[in-house]
Amino acid sequence: MKIFFAGTPDFAIPSLEILSKHFEIVGVLTQPASGKGRGQKLADSPVKREALALGLKVLEPEDLNSTFLNEIKELRADLLVCVAYGKIFKNDFLNLFPYGGINLHPSLLPRHRGPAPIPAAILAGDAETGVTIQRLILKMDAGPILAQQKISLSDNDTTESLS
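This section reports on the structure supplied with the text. (Residues numbered from 1 in each chain as written. Predicted model: local features only at pLDDT ≥ 70, side-chain atom pairs only at ≥ 80, totals over all residues. Heavy atoms only, no water.)

Helix and strand content of the protein chain: six helices and nine strands. On C-alpha atoms alone, the protein chain measures out to a radius of gyration of 16 Å, which is about the 15 Å that the 2.2 N^0.38 rule sets for 163 residues. Each principal axis of the C-alpha distribution contributes one length, and for the protein chain these read about 50 × 40 × 30 Å. Partitioning the contacts of the protein chain with sequence separation of at least 6, the portion at a separation of at least 24 is 57%. About 9,300 Å² of surface is accessible on the protein chain, with carbon and sulfur atoms providing 53% of the total. (Helix = DSSP H or I, 4+ residues; strand = E, 2+ residues; numbered from the N terminus. Rg over C-alpha atoms; globule rule 2.2 N^0.38 Å. Contact = heavy atoms within 4.5 Å. Areas by Shrake-Rupley, 256 points an atom, 1.4 Å probe, with all protein chains shown as cover.)

This part is about the pairing of strand S6 (residues 79–83). In terms of burial, S6 is a largely internal element, five of the five residues being buried. Neither face of S6 is left uncovered, since the one carrying Leu79, Val81 and Val83 and the one carrying Leu80 and Cys82 both have all their residues buried. The sheet contact formed by strand S1 (residues 2–7) and S6 spans five bridges and is parallel. Bridging from a neighbouring strand, Phe5 pairs with Val81 of S6. Sheet analysis places S6 next to strand S7 (residues 101–105), joined by three bridges and oriented parallel. (Buried < 20%, exposed > 50% of the residue type's maximum accessible area, 1.4 Å probe, protein only. Pairing = 2+ DSSP bridges.)

Note on strand geometry: in a regular strand, side chains alternate between the two faces of the sheet. Summarising burial for S7: four of the five residues are buried, a large majority. Looking at chain direction, S7 and strand S8 (residues 128–135) are connected through four bridges and run antiparallel. In the sheet register, Ile102 faces S8, and the bridge partner there is Arg135.

This paragraph deals with the nonpolar core. The nonpolar side chains of a soluble globular protein tend to be buried, and buried together. Formed by 18 residues in total, the largest nonpolar core has its most connected members in Phe4, Leu29, Ile72, Leu80, Phe89 and Phe93. The set of elements that each furnish at least two residues to this core consists of S1, strand S2 (24–29), helix H3 (66–75), S6 and helix H4 (91–94). Formed by 16 residues, the second largest nonpolar core is a distinct cluster that contains Leu19, Ile25, Val28 and Leu56. (Core = buried A, V, L, I, M, F, W, Y, C linked by side-chain atoms within 4.5 Å.)

It is worth stressing that arrangement in space is one thing and function is another; only the former is reported here.
See below:
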């Protein structure tokens with residue numbers, strides 16, 4: 001099975017590494033370099049750095065336009081795997097993958113949908129959190145749940161430790 005991977009932050013790296021050991025990763029989609037720190041020096045995403053270290057093709061378009069969609073189509077991926085990419089995909093993009101797309105979300109959906117689920121679980125005082133694998137649809141964090149893995153939270157947990 002050929003996988004097209006989409007992700008941006010450090011949180012996505014373990015998934016990329018594991019998938020690359022078991023499947024053919026035909027491309028990696030990540031957010032373009034962005035300004036970091038006080039001087040707003042451009043910095044590549046953690047996923048881009050890891051993908052290049054693994055020898056994978058990296059794509060970082062500003063826009064998921066028709067030119068980009070044609071480039072993805074040529075990769076002939078079977079499945080899209082998304083882990084914290086940072087944008088909602090449109091139907092024309094999702095339709096490029098015969099098996100559709102799946103998303104790994106760092107919460108027990110449907111609780112804590114959206115961009116900051118790990119700190120949300122801590123701030124809410126949740127007794128447990130976890131990860132959810134779900135089918136990608138046109139609405140963020142709303143697709144059918146395929147699997148979940150729960151973990152207990154302790155008073156010492158932080159966003160960094162849970163990530």
